[in-house]
Amino acid sequence: QVQLVESGGGLVQPGGSLRLSCVVSGNIFSINAMGWYCQAPGKQRELVAAITIGGSTNYADSVKGRFTISRDNAKNTVYLQMNSLKPEDTAVYYCQADSIVAGWDYWGQGTQVTVSS
């Protein structure tokens, strides 16, 4: 009932910036919160940032002060602004939607972010 389409990944040098976008369609009213996750090679998927329906945000310690999650309700889009990128930020980034129904969630296809000189 909910579809997530991600874009904005790519190759960037250390210290550079990227903005990831996630366009949400379907039963938008069923969404409780949105988040961005990352998964590096050989590691588990980890929460990067989240935003609730009320606008509250939460960040992983490793990205505080560098990444910002935001939303544009008119465009049904959630963003992840990534500044001061480091090589250790290299990962596949996934958009996620939490449903108001406990135990239900939705995932985007993932977009590759590579930070390298």
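Remember, it's a predicted structure, so these values are computed and weren't measured experimentally. (Residues numbered from 1 in each chain as written. Predicted model: local features only at pLDDT ≥ 70, side-chain atom pairs only at ≥ 80, totals over all residues. Heavy atoms only, no water.)

Q: Go over the side chain of glutamate 6 with me, naming the residues and quoting the values.
A: Within the secondary structure, glutamate 6 sits in strand β1 (residues 2-7). No salt bridge is formed by the buried glutamate 6. Its closest oppositely charged neighbour is arginine 45, at 8.1 Å. At 3.1 Å, the side chain of glutamate 6 forms a polar contact with the backbone nitrogen of glutamine 109. Residues contacting glutamate 6, with those up to four places away along its chain left out, are Ser21, Cys22, Trp36, Tyr93, Tyr94, Cys95, Gly108, Gln109, Gly110 and Thr111. (Helix = DSSP H or I, 4+ residues; strand = E, 2+ residues; numbered from the N terminus. Buried < 20%, exposed > 50% of the residue type's maximum accessible area, 1.4 Å probe, protein only. Lys, Arg positive; Asp, Glu negative; His and termini not counted. Salt bridge = Lys/Arg side-chain N within 4 Å of Asp/Glu carboxyl O. Polar contact = N/O pair within 3.5 Å; in protein donor to acceptor, adjacent residues only side chain to side chain. Contact = heavy atoms within 4.5 Å.)

Q: Any chance you could break down the sheet that holds strand β7 (residues 67-72) for me, citing the residues and the numbers?
A: Spatial strand order, β1-β3-β8-β7: 4 strands in an open sheet with antiparallel pairing. The outermost strands of the open sheet, each flanked by one partner alone, are β1 and β7. Strand-to-strand twist of the sheet, defined as the mean angle between neighbouring strand axes without regard to direction, takes the value 20°. Bridge count between β7 and strand β8 (residues 77-82): 6 bridges; the pairing is antiparallel. By the bridge assignment for β8, aspartate 72 is matched with threonine 77. (Pairing = 2+ DSSP bridges. Axes fitted to C-alpha atoms, helices over the stretch in contact; angles between N-to-C directions.)

Q: Go over the environment of glutamine 1, please, and point to the residues and values.
A: Within the secondary structure layout, glutamine 1 lies in the segment before β1. For the pair glutamine 1 and glycine 26, spaced 25 residues apart in sequence, the C-alpha to C-alpha distance is 5.3 Å. Beyond its immediate sequence surroundings of up to four residues, glutamine 1 is in contact with Ser25, Gly26, Asn27 and Tyr106.

Q: Help me get a handle on the state of the cysteines, residues and values and all.
A: As used here, a disulfide is simply a covalent bond connecting the sulfur atoms of two cysteines. Applying the stated criterion across every chain, the model contains 1 disulfide. A disulfide bridge connects cysteine 22 with cysteine 95, and the sulfur atoms are separated by 2.1 Å. The sign of the -85° torsion about the S-S bond sets the cysteine 22-cysteine 95 disulfide as left-handed. With cysteine 22 in strand β3 (residues 18-26) and cysteine 95 in strand β9 (residues 91-99), the pair connects residues that are 73 residues apart, well separated along the chain. (Disulfide = S-S within 2.5 Å.)

Q: Summarise the pattern of salt bridges; cite the residues concerned and give the values.
A: Counted by the stated rule, this structure contains 2 salt bridges. Here aspartate 61 makes a salt bridge to lysine 64, at a shortest N to O gap of 3.2 Å.

Q: Report on the side chain of aspartate 89, specifying residues and quantitative values.
A: Inspection of the secondary structure puts aspartate 89 in the loop between β8 and β9. With a relative accessible area of 7%, aspartate 89 lands in the buried category. A distance of 2.8 Å separates a polar side-chain atom of aspartate 89 from the backbone nitrogen of lysine 86. Setting aside chain neighbours within four positions, we find aspartate 89 in contact with Arg66, Phe67, Ser84, Val113 and Val115.

Q: Break down the environment of isoleucine 31 for me, with residues and values.
A: You can see isoleucine 31 is positioned in strand β4 (residues 31-39). Isoleucine 31 gets classed as buried once you look at its relative accessible area, which sits at 12%. Note: C-alpha distance between isoleucine 31 and arginine 71 (40 residues apart in sequence) is 13 Å. Excluding anything up to four places from it in sequence, isoleucine 31 contacts Val2, Val24, Ile53, Ala97, Asp98 and Ile100.

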